[in-house]
Amino acid sequence: MAFKSNRIQVDRSLYESFEEFVLNRTPFFPKFLEIFLTDTCNHNCPFCISADYRENKRNLPLTLVKKIADDMSGYPQSSIRLCGGGEPLLHPQIEEVLQYFFYKNCSTSIVTNGHLLVGNINNIIGEICREVRISVDAGNAQIYAVAHGVKERVFEKLLNNIRQLVANKGIHKYPVIELSFVVNAYNLASLPDFIELAVELKVDRINITMNTNDAFSDQRMLLKRCEELLPISPIGLEISIHDSPADFFQPDCTLLCPAVILNGLIDSRGYYFPSCHHVRDEHFVWGKLNDCLGLKALVSSEAFIDAQYSYIFKRCLKLKKLAFRPDNLLLVNHLIQSAVLKERASRLLLD
Ligand code: SF4
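The protein carries the name Radical SAM protein in an unreviewed UniProt entry, which gives Mucilaginibacter sabulilitoris as its organism. You can read under Cofactor (unreviewed entry) in the UniProt record for the protein the words "[4Fe-4S] cluster".

Caption draft 1: Region of the structure containing the pairing of strand β6 (residues 176-182). Along β6, five of the seven residues are buried, which leaves the element largely enclosed by surrounding structure. Alignment of strand β5 (residues 131-135) against β6, held across five bridges, turns out to be parallel. Bridge pairing links V132 to I177 in β6. Here β6 pairs with strand β7 (residues 205-209) via five bridges, running parallel. Following the sheet pairing, V182 is matched in β7 by T209. Considered for its hand, the β-α-β crossover made up of β6, helix α7 (residues 191-201) and β7 is right-handed.

Caption draft 2: Molecular detail of the confidence of the model for the protein. Residues of the protein with pLDDT of at least 70 account for 78%, and the chain-wide mean is 83. Scored below 50 in pLDDT, residues 318-327 makes 24 contacts in the model with residues more than four places away or belonging to other chains. Within the model, pLDDT remains below 50 along residues 346-351, and this stretch shows twelve contacts once partners closer than five positions in the same chain are excluded.

Caption draft 3: Representation of the site of the ligand within the structure. As a structural note, the neighbourhood of the ligand is formed by C41, H43, N44, C45, C48, S50, G84, G86, E87, N113, S135 and H148. Grouping the constituent residues of the shell around the ligand by class yields three nonpolar, eight polar and one charged.

Caption draft 4: Layout of helix α5 (residues 141-148). Within α5, burial applies to I143, Y144, A147 and H148. Here the buried residues of α5 occupy an arc of 110° about the axis, which is enough to place them on one side. Here the buried face of α5 lies against α6 (153-169).

Caption draft 5: Region of the structure containing helix α4 (residues 119-128). All of the buried residues in α4 are N122, I125, G126 and I128. Contacts made by the buried residues of α4 are with α3 (94-103), β4 (107-112), β5 and α6.

Caption draft 6: How the structure looks around unusual backbone geometry. Backbone torsion omega between G84 and G85 reads 15°, so that peptide bond is classified as cis. Cis geometry is found at the peptide bond from Y174 to P175, where omega equals 0°. Mapping P175 onto the fold places it in the loop between α6 and β6. Positive phi, close to 65°, is recorded for D137, a residue that is not glycine. Structurally, D137 can be placed in the loop between β5 and α5.

Caption draft 7: A look at the pairing of β7. When you tally the buried positions in β7, you get four out of five residues, the bulk of the element. The pairing of β7 with strand β8 (residues 238-242) spans five bridges and is classified as parallel. Opposite T209, over in β8, you have H242 as the bridge partner.

Caption draft 8: Region of the structure containing the environment of S17. Within the secondary structure, S17 sits in helix α1 (residues 14-24). In the structure, S17 is positioned eleven residues away from F28 in sequence and 6.9 Å away in space, judged by C-alpha atoms.

Caption draft 9: Representation of the packing of α3 against α4. Between α3 and α4, whose axes approach to 10 Å, the crossing angle comes to 15°. Regarding the angle of α3 to α4, the classification is roughly parallel. Our pair here, α3 against α4, has a crossing hand that is left-handed. Of the residues in α4, those touching α3 at I94, E95, L98 and F102 are I121, I124, I125 and I128. Considered class by class, the residues forming the contact of α3 with α4 number seven nonpolar, no polar and one charged.

Caption draft 10: Structural detail: the packing of helix α2 (residues 62-72) against α3. The contact between α2 and α3 brings their axes to 9 Å, and the two run at 15°. Classified by the angle their axes make, α2 and α3 are roughly parallel. Judged by the sense of rotation from one axis to the other, the crossing of α2 with α3 is right-handed. Facing α2, whose interface residues are L62, V65, K66 and A69, α3 presents E96, V97, Y100 and F101. Tallied by class, residues from the contact of α2 with α3 come to six nonpolar, no polar and two charged.

Rules behind the numbers
- Residues numbered from 1 in each chain as written.
- Predicted model: local features only at pLDDT ≥ 70, side-chain atom pairs only at ≥ 80, totals over all residues.
- UniProt positions renumbered as here; feature names shortened; annotations may be inferred.
- Buried ≥ 20, exposed ≤ 12 C-beta atoms within 10 Å, placed from the backbone.
- Helix = DSSP H or I, 4+ residues; strand = E, 2+ residues; numbered from the N terminus.
- Pairing = 2+ DSSP bridges.
- Right-handed = clockwise from strand over helix to strand, strands pointing away.
- pLDDT = per-residue confidence, 0-100.
- Contact = placed C-beta atoms within 7 Å.
- Near = placed C-beta within 6 Å.
- Nonpolar A, V, L, I, M, F, W, Y, C, P; charged D, E, K, R; others polar.
- Arc of directions from axis to C-beta.
- Axes fitted to C-alpha atoms, helices over the stretch in contact; angles between N-to-C directions.
- Parallel < 35°, antiparallel > 145°, perpendicular 65-115°, else oblique.
- Left-handed = near helix turned anticlockwise from the far one by under 90°.

This is the structure we're talking about:
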(Lines give C-alpha, C1' and ligand atoms only; values in the text may rest on other atoms or scores of the structure.)
Protein backbone atom coordinates (compact mmCIF):
# COMPACT_ATOMS: atom_id res chain seq x y z
CA MET A 1 0.00 0.00 0.00
CA ALA A 2 1.19 3.54 -0.66
CA PHE A 3 0.03 4.92 2.66
CA LYS A 4 0.92 4.24 6.24
CA SER A 5 -0.45 4.90 9.70
CA ASN A 6 0.15 8.34 11.18
CA ARG A 7 -0.64 7.45 14.75
CA ILE A 8 1.41 8.24 17.84
CA GLN A 9 4.74 6.46 17.81
CA VAL A 10 6.22 5.66 21.19
CA ASP A 11 9.96 5.31 21.13
CA ARG A 12 11.83 3.08 23.52
CA SER A 13 13.54 5.95 25.32
CA LEU A 14 10.20 6.98 26.75
CA TYR A 15 9.80 3.76 28.72
CA GLU A 16 12.04 4.83 31.52
CA SER A 17 10.44 8.19 32.05
CA PHE A 18 6.99 6.65 31.81
CA GLU A 19 7.96 4.03 34.38
CA GLU A 20 9.47 6.71 36.61
CA PHE A 21 6.21 8.57 36.41
CA VAL A 22 4.15 5.52 37.34
CA LEU A 23 6.40 4.32 40.14
CA ASN A 24 7.70 7.52 41.66
CA ARG A 25 5.35 10.22 40.43
CA THR A 26 8.28 11.81 38.63
CA PRO A 27 6.78 14.60 36.51
CA PHE A 28 6.43 13.74 32.86
CA PHE A 29 7.09 16.64 30.53
CA PRO A 30 4.99 16.28 27.37
CA LYS A 31 6.79 14.83 24.40
CA PHE A 32 4.44 16.53 22.00
CA LEU A 33 2.60 19.72 22.88
CA GLU A 34 -0.11 21.31 20.76
CA ILE A 35 -0.85 24.99 21.28
CA PHE A 36 -4.07 26.74 20.31
CA LEU A 37 -2.63 30.23 19.86
CA THR A 38 -5.95 31.84 19.04
CA ASP A 39 -9.66 31.09 18.74
CA THR A 40 -10.07 33.42 15.78
CA CYS A 41 -10.36 32.09 12.25
CA ASN A 42 -10.93 33.64 8.82
CA HIS A 43 -12.57 30.43 7.51
CA ASN A 44 -15.73 28.66 8.56
CA CYS A 45 -15.35 24.92 8.00
CA PRO A 46 -18.47 22.92 8.91
CA PHE A 47 -16.30 20.19 10.47
CA CYS A 48 -14.28 22.58 12.65
CA ILE A 49 -13.82 21.12 16.14
CA SER A 50 -13.49 24.66 17.48
CA ALA A 51 -16.64 26.10 15.95
CA ASP A 52 -18.12 26.77 19.41
CA TYR A 53 -15.08 28.73 20.54
CA ARG A 54 -14.22 30.85 17.54
CA GLU A 55 -16.50 33.70 18.54
CA ASN A 56 -14.49 34.23 21.71
CA LYS A 57 -11.60 35.63 19.66
CA ARG A 58 -9.14 34.91 22.47
CA ASN A 59 -5.38 34.93 21.91
CA LEU A 60 -2.84 33.16 24.08
CA PRO A 61 -0.83 36.02 25.64
CA LEU A 62 2.73 36.32 24.39
CA THR A 63 4.01 36.17 27.99
CA LEU A 64 2.56 32.66 28.35
CA VAL A 65 3.85 31.60 24.93
CA LYS A 66 7.34 32.67 25.99
CA LYS A 67 7.07 30.78 29.28
CA ILE A 68 6.17 27.62 27.34
CA ALA A 69 9.13 28.11 24.99
CA ASP A 70 11.49 28.76 27.93
CA ASP A 71 10.51 25.43 29.50
CA MET A 72 10.46 23.50 26.22
CA SER A 73 14.03 24.54 25.52
CA GLY A 74 15.14 22.33 28.41
CA TYR A 75 13.58 19.28 26.73
CA PRO A 76 15.15 18.83 23.29
CA GLN A 77 13.20 15.60 22.74
CA SER A 78 9.93 17.48 22.95
CA SER A 79 8.27 19.33 20.12
CA ILE A 80 5.41 21.75 19.70
CA ARG A 81 2.71 22.21 17.11
CA LEU A 82 0.89 25.50 16.66
CA CYS A 83 -2.60 24.63 15.53
CA GLY A 84 -6.27 25.30 16.09
CA GLY A 85 -8.33 26.17 17.85
CA GLY A 86 -8.44 28.94 15.33
CA GLU A 87 -5.97 29.92 12.63
CA PRO A 88 -2.51 30.35 14.23
CA LEU A 89 -1.45 32.97 11.66
CA LEU A 90 -4.16 35.27 13.06
CA HIS A 91 -2.41 35.54 16.40
CA PRO A 92 -1.50 39.26 16.57
CA GLN A 93 2.14 38.48 17.44
CA ILE A 94 2.63 35.39 15.30
CA GLU A 95 6.02 36.47 13.93
CA GLU A 96 7.34 37.10 17.41
CA VAL A 97 5.91 33.77 18.61
CA LEU A 98 7.68 31.83 15.85
CA GLN A 99 10.91 33.71 16.28
CA TYR A 100 10.91 33.12 20.04
CA PHE A 101 10.43 29.37 19.62
CA PHE A 102 13.27 29.42 17.11
CA TYR A 103 15.46 31.46 19.46
CA LYS A 104 14.78 28.88 22.18
CA ASN A 105 15.70 26.05 19.83
CA CYS A 106 12.28 24.38 20.02
CA SER A 107 11.24 21.94 17.35
CA THR A 108 8.19 23.74 15.97
CA SER A 109 5.53 22.82 13.45
CA ILE A 110 2.39 24.60 12.38
CA VAL A 111 -1.06 23.71 11.05
CA THR A 112 -2.64 26.49 9.00
CA ASN A 113 -5.39 27.00 6.47
CA GLY A 114 -2.72 28.75 4.37
CA HIS A 115 -4.85 31.79 3.54
CA LEU A 116 -2.37 34.20 5.14
CA LEU A 117 0.75 32.32 4.17
CA VAL A 118 2.13 35.23 2.17
CA GLY A 119 5.12 37.57 2.19
CA ASN A 120 7.29 37.68 5.25
CA ILE A 121 5.36 35.10 7.26
CA ASN A 122 5.78 32.58 4.44
CA ASN A 123 9.54 33.16 4.60
CA ILE A 124 9.67 32.96 8.40
CA ILE A 125 7.69 29.73 8.50
CA GLY A 126 9.91 28.29 5.79
CA GLU A 127 12.98 29.06 7.85
CA ILE A 128 11.74 28.15 11.31
CA CYS A 129 9.26 25.27 11.13
CA ARG A 130 10.12 21.59 10.86
CA GLU A 131 6.69 20.80 9.46
CA VAL A 132 3.93 22.85 7.87
CA ARG A 133 0.54 21.22 7.50
CA ILE A 134 -1.89 23.09 5.29
CA SER A 135 -5.59 22.25 5.52
CA VAL A 136 -6.93 21.97 1.99
CA ASP A 137 -9.78 19.45 2.30
CA ALA A 138 -10.80 19.68 -1.36
CA GLY A 139 -9.62 18.93 -4.86
CA ASN A 140 -11.18 21.93 -6.58
CA ALA A 141 -12.40 25.47 -5.89
CA GLN A 142 -16.11 24.62 -5.71
CA ILE A 143 -15.69 21.94 -3.06
CA TYR A 144 -13.15 24.08 -1.25
CA ALA A 145 -15.53 27.02 -1.00
CA VAL A 146 -18.10 24.87 0.78
CA ALA A 147 -15.60 22.88 2.82
CA HIS A 148 -14.00 26.06 4.17
CA GLY A 149 -16.91 28.49 4.08
CA VAL A 150 -15.03 30.95 1.84
CA LYS A 151 -15.24 32.35 -1.70
CA GLU A 152 -14.07 30.08 -4.52
CA ARG A 153 -11.30 32.50 -5.48
CA VAL A 154 -9.52 31.79 -2.17
CA PHE A 155 -8.59 28.36 -3.54
CA GLU A 156 -6.32 29.78 -6.25
CA LYS A 157 -4.74 32.13 -3.73
CA LEU A 158 -4.10 29.16 -1.45
CA LEU A 159 -2.43 27.21 -4.24
CA ASN A 160 -0.17 30.18 -4.97
CA ASN A 161 0.79 30.41 -1.31
CA ILE A 162 1.68 26.71 -1.29
CA ARG A 163 3.71 27.12 -4.49
CA GLN A 164 5.62 29.95 -2.85
CA LEU A 165 6.33 27.88 0.26
CA VAL A 166 7.56 24.98 -1.88
CA ALA A 167 9.73 27.35 -3.93
CA ASN A 168 11.21 28.92 -0.79
CA LYS A 169 12.05 25.50 0.56
CA GLY A 170 13.92 24.58 -2.62
CA ILE A 171 16.20 21.65 -2.05
CA HIS A 172 16.20 21.92 1.75
CA LYS A 173 14.94 19.07 3.90
CA TYR A 174 12.77 21.30 6.10
CA PRO A 175 10.07 22.27 6.48
CA VAL A 176 8.28 19.10 5.57
CA ILE A 177 5.25 20.39 3.69
CA GLU A 178 2.06 18.42 4.12
CA LEU A 179 -1.42 18.99 2.74
CA SER A 180 -4.31 17.68 4.79
CA PHE A 181 -7.75 16.48 3.83
CA VAL A 182 -10.42 16.05 6.50
CA VAL A 183 -12.83 13.63 4.87
CA ASN A 184 -16.57 14.02 4.97
CA ALA A 185 -19.41 12.82 2.79
CA TYR A 186 -19.38 16.09 0.83
CA ASN A 187 -15.70 16.31 -0.19
CA LEU A 188 -14.88 12.60 -0.48
CA ALA A 189 -15.39 12.49 -4.24
CA SER A 190 -12.74 15.17 -4.76
CA LEU A 191 -10.04 13.16 -2.95
CA PRO A 192 -8.42 11.86 -6.19
CA ASP A 193 -8.20 15.46 -7.53
CA PHE A 194 -6.69 16.58 -4.24
CA ILE A 195 -4.01 13.88 -4.49
CA GLU A 196 -3.23 14.88 -8.05
CA LEU A 197 -2.96 18.50 -6.99
CA ALA A 198 -0.54 17.62 -4.19
CA VAL A 199 1.70 15.78 -6.65
CA GLU A 200 1.61 18.75 -9.00
CA LEU A 201 2.44 21.16 -6.17
CA LYS A 202 5.43 18.99 -5.22
CA VAL A 203 4.66 18.88 -1.51
CA ASP A 204 6.18 16.16 0.65
CA ARG A 205 3.18 14.49 2.19
CA ILE A 206 -0.58 14.16 2.30
CA ASN A 207 -2.47 13.57 5.50
CA ILE A 208 -5.99 12.19 5.14
CA THR A 209 -8.05 12.06 8.28
CA MET A 210 -11.46 10.97 9.45
CA ASN A 211 -10.48 12.03 12.93
CA THR A 212 -13.30 14.47 13.64
CA ASN A 213 -16.16 14.70 16.09
CA ASP A 214 -18.32 12.56 13.79
CA ALA A 215 -19.71 9.25 15.02
CA PHE A 216 -17.19 6.41 14.85
CA SER A 217 -19.44 4.37 12.61
CA ASP A 218 -19.47 7.24 10.08
CA GLN A 219 -15.69 7.55 10.32
CA ARG A 220 -15.29 3.83 9.67
CA MET A 221 -17.48 4.02 6.61
CA LEU A 222 -15.57 7.03 5.26
CA LEU A 223 -12.26 5.30 5.89
CA LYS A 224 -13.35 2.33 3.83
CA ARG A 225 -14.50 4.53 0.97
CA CYS A 226 -11.30 6.56 1.14
CA GLU A 227 -9.12 3.50 0.89
CA GLU A 228 -10.93 2.54 -2.27
CA LEU A 229 -10.03 5.91 -3.79
CA LEU A 230 -6.33 5.87 -2.94
CA PRO A 231 -3.79 5.21 -5.68
CA ILE A 232 -2.55 1.66 -5.76
CA SER A 233 0.92 2.48 -7.02
CA PRO A 234 3.46 4.92 -5.50
CA ILE A 235 2.89 8.55 -6.48
CA GLY A 236 6.15 10.08 -5.28
CA LEU A 237 4.87 11.43 -1.98
CA GLU A 238 3.91 9.91 1.32
CA ILE A 239 0.24 9.43 2.14
CA SER A 240 -0.79 8.91 5.74
CA ILE A 241 -4.30 8.08 6.80
CA HIS A 242 -5.65 8.70 10.25
CA ASP A 243 -8.94 7.63 11.76
CA SER A 244 -10.08 7.53 15.37
CA PRO A 245 -11.15 3.94 15.87
CA ALA A 246 -13.95 3.28 18.30
CA ASP A 247 -11.97 0.86 20.43
CA PHE A 248 -9.38 3.56 21.06
CA PHE A 249 -11.85 6.00 22.57
CA GLN A 250 -14.40 6.15 25.34
CA PRO A 251 -17.96 7.06 24.38
CA ASP A 252 -17.22 10.59 25.59
CA CYS A 253 -14.38 10.73 23.04
CA THR A 254 -11.56 10.68 25.56
CA LEU A 255 -8.55 8.63 24.61
CA LEU A 256 -8.48 5.16 26.05
CA CYS A 257 -4.75 4.77 26.29
CA PRO A 258 -2.19 5.59 29.00
CA ALA A 259 0.11 6.95 26.31
CA VAL A 260 -2.06 10.03 26.35
CA ILE A 261 0.26 11.51 28.96
CA LEU A 262 2.98 11.76 26.32
CA ASN A 263 0.97 14.55 24.76
CA GLY A 264 -0.57 17.77 25.91
CA LEU A 265 -2.54 20.67 24.62
CA ILE A 266 -2.60 24.29 25.78
CA ASP A 267 -5.61 26.27 24.64
CA SER A 268 -5.85 30.02 24.11
CA ARG A 269 -6.71 30.55 27.81
CA GLY A 270 -3.67 28.61 28.98
CA TYR A 271 -5.73 25.53 29.99
CA TYR A 272 -3.87 22.23 29.75
CA PHE A 273 -5.77 19.27 28.26
CA PRO A 274 -4.45 15.75 27.55
CA SER A 275 -5.20 16.16 23.83
CA CYS A 276 -7.36 18.01 21.32
CA HIS A 277 -10.03 15.32 21.77
CA HIS A 278 -10.58 16.50 25.31
CA VAL A 279 -11.10 20.18 24.62
CA ARG A 280 -14.69 20.24 23.49
CA ASP A 281 -16.39 19.11 26.70
CA GLU A 282 -13.78 20.48 29.08
CA HIS A 283 -14.00 17.38 31.30
CA PHE A 284 -10.28 16.97 31.54
CA VAL A 285 -8.65 20.27 32.30
CA TRP A 286 -5.48 19.16 34.09
CA GLY A 287 -4.34 22.66 35.00
CA LYS A 288 -3.88 26.22 33.83
CA LEU A 289 -0.81 28.23 32.98
CA ASN A 290 -0.58 31.75 34.29
CA ASP A 291 2.05 34.43 34.66
CA CYS A 292 3.40 32.75 37.81
CA LEU A 293 2.98 29.12 36.76
CA GLY A 294 4.86 27.97 33.67
CA LEU A 295 4.58 24.62 31.90
CA LYS A 296 7.33 22.85 33.82
CA ALA A 297 5.95 23.98 37.18
CA LEU A 298 2.44 23.00 36.11
CA VAL A 299 3.30 19.44 35.05
CA SER A 300 5.31 19.03 38.26
CA SER A 301 2.49 20.08 40.56
CA GLU A 302 0.82 17.47 42.79
CA ALA A 303 -2.61 18.36 41.48
CA PHE A 304 -1.49 17.83 37.88
CA ILE A 305 0.12 14.46 38.62
CA ASP A 306 -2.97 13.40 40.56
CA ALA A 307 -5.06 14.23 37.50
CA GLN A 308 -2.79 12.15 35.26
CA TYR A 309 -2.84 9.22 37.69
CA SER A 310 -6.54 9.37 37.94
CA TYR A 311 -6.86 9.39 34.17
CA ILE A 312 -4.57 6.43 33.68
CA PHE A 313 -5.36 4.18 36.62
CA LYS A 314 -8.89 4.88 37.64
CA ARG A 315 -10.36 3.99 34.32
CA CYS A 316 -11.04 0.58 32.88
CA LEU A 317 -8.35 0.52 30.24
CA LYS A 318 -8.62 -2.56 28.11
CA LEU A 319 -4.92 -2.86 27.57
CA LYS A 320 -4.76 -6.17 25.78
CA LYS A 321 -7.29 -4.99 23.27
CA LEU A 322 -5.27 -1.85 22.73
CA ALA A 323 -2.07 -3.83 22.35
CA PHE A 324 -3.38 -5.30 19.14
CA ARG A 325 -3.43 -1.87 17.61
CA PRO A 326 -0.21 -0.52 16.10
CA ASP A 327 -0.62 2.70 18.05
CA ASN A 328 1.34 2.67 21.24
CA LEU A 329 1.90 -1.04 20.90
CA LEU A 330 5.31 -0.97 22.49
CA LEU A 331 4.26 1.09 25.44
CA VAL A 332 1.12 -0.92 26.10
CA ASN A 333 3.02 -4.20 25.86
CA HIS A 334 5.57 -2.82 28.24
CA LEU A 335 2.86 -1.94 30.73
CA ILE A 336 1.38 -5.42 30.49
CA GLN A 337 4.68 -7.24 30.80
CA SER A 338 6.37 -5.18 33.48
CA ALA A 339 5.84 -6.99 36.78
CA VAL A 340 6.37 -3.87 38.85
CA LEU A 341 4.08 -1.80 36.74
CA LYS A 342 1.49 -4.54 36.73
CA GLU A 343 1.44 -4.62 40.49
CA ARG A 344 1.15 -0.84 40.68
CA ALA A 345 -1.42 -0.79 37.95
CA SER A 346 -3.51 -3.57 39.44
CA ARG A 347 -6.67 -1.71 38.68
CA LEU A 348 -6.07 -1.93 34.99
CA LEU A 349 -8.35 -4.30 33.21
CA LEU A 350 -6.22 -6.87 31.46
CA ASP A 351 -8.79 -8.90 29.64
S1 SF4 B 1 -9.53 26.62 9.03
FE2 SF4 B 1 -9.30 25.31 10.83
S3 SF4 B 1 -9.77 26.62 12.59
FE4 SF4 B 1 -10.54 27.67 10.75
S5 SF4 B 1 -12.68 27.08 10.60
FE6 SF4 B 1 -11.50 25.63 9.34
S7 SF4 B 1 -11.04 23.89 10.73
FE8 SF4 B 1 -11.68 25.64 12.01
